[in-house]
Amino acid sequence: MRLATFAQRAIGFGIDFVLMLAVWAPAVILLKFVVHHSAHGSTKVELGWHRDDFVSFLFLLLYSALACYLGNGRSPGKRIAKTRVISLTHSRMGLWQSFERALGYGASFAEAGFGFLQFFLHRNRQTVHDRIAETIVVDERNRE
């Protein structure tokens with residue numbers, strides 16, 4: 001199997017991030033409206049992505065983990081970019097392994113994104129979140 005290129009991985013991640021935001025924004029607006037309206041009787045809702053916003057973090061985690069798990073390593077963005085996450089320890093992506101990988105994105109973002117750039121340093125093109133979850137990302141352009 002050929003390993004995915006950095007460009008393929010970046011495109012897949014970008015598409016997934018845009019899709020996640022497209023679902024996140026209406027869901028959070030509705031949730032904040034319901035909570036704020038019931039608590040304060042107001043219809044004013046402020047939308048933003050705050051570091052301490054547990055709902056946003058949970059949404060990002062669930063989208064990333066469930067998309068990877070349900071697609072067996074092919075989230076919508078990865079499907080478009082023609083890549084797949086492959087488990088190095090199991091025959092398919094498990095639910096816990098998908099959550100490990102999703103949580104590992106935080107480690108890859110740490111230190112100004114250096115965890116993503118480790119793609120260029122590791123012989124198997126593994127980023128920090130790949131190593132945490134024991135996965136690789138393969139190129140599926142010739143498999144379809």
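Just above sits the structure.
What you see is a predicted model; the values in this text were computed from it and never measured.

Here the focus is the pattern of salt bridges. Within the structure shown, the criterion is met by seven salt bridges. In this structure, arginine 84 engages glutamate 140 in a salt bridge whose closest nitrogen and oxygen atoms are separated by 3.0 Å. Here glutamate 140 lies in the segment after strand E2 (135-139) and arginine 84 lies in strand E1 (residues 83-87), a separation of 56 residues in the sequence. One exposure class covers both arginine 84 and glutamate 140, and it is buried.

Now for helix H2 (residues 54-70). Count 3.6 residues to each turn of an α-helix, and residues three or four apart come out pointing the same way. Its 17 residues place the ends of H2 23 Å apart at the C-alpha level, agreeing with the 24 Å of an ideal helix rising 1.5 Å per residue. Among all positions of H2, only Ser56, Leu61, Tyr63, Ser64, Ala65, Ala67 and Cys68 are buried. Phi for asparagine 72, located one or two positions after H2, is positive at around 50°.

This part is about the environment of alanine 102. Position of alanine 102 relative to the elements: it lies in helix H4 (residues 95-117). With a relative accessible area of 10%, alanine 102 lands in the buried category. Taking the C-alpha atoms as reference points, alanine 102 and alanine 133, 31 residues apart in sequence, are found 8.8 Å from one another. Apart from residues no more than four positions distant in its own chain, alanine 102 is found in contact with Leu61, Ser64 and Ala65.

Calculation rules
- Residues numbered from 1 in each chain as written.
- Predicted model: local features only at pLDDT ≥ 70, side-chain atom pairs only at ≥ 80, totals over all residues.
- Heavy atoms only, no water.
- Salt bridge = Lys/Arg side-chain N within 4 Å of Asp/Glu carboxyl O.
- Helix = DSSP H or I, 4+ residues; strand = E, 2+ residues; numbered from the N terminus.
- Buried < 20%, exposed > 50% of the residue type's maximum accessible area, 1.4 Å probe, protein only.
- Expected span 1.5 Å × (residues − 1).
- Contact = heavy atoms within 4.5 Å.

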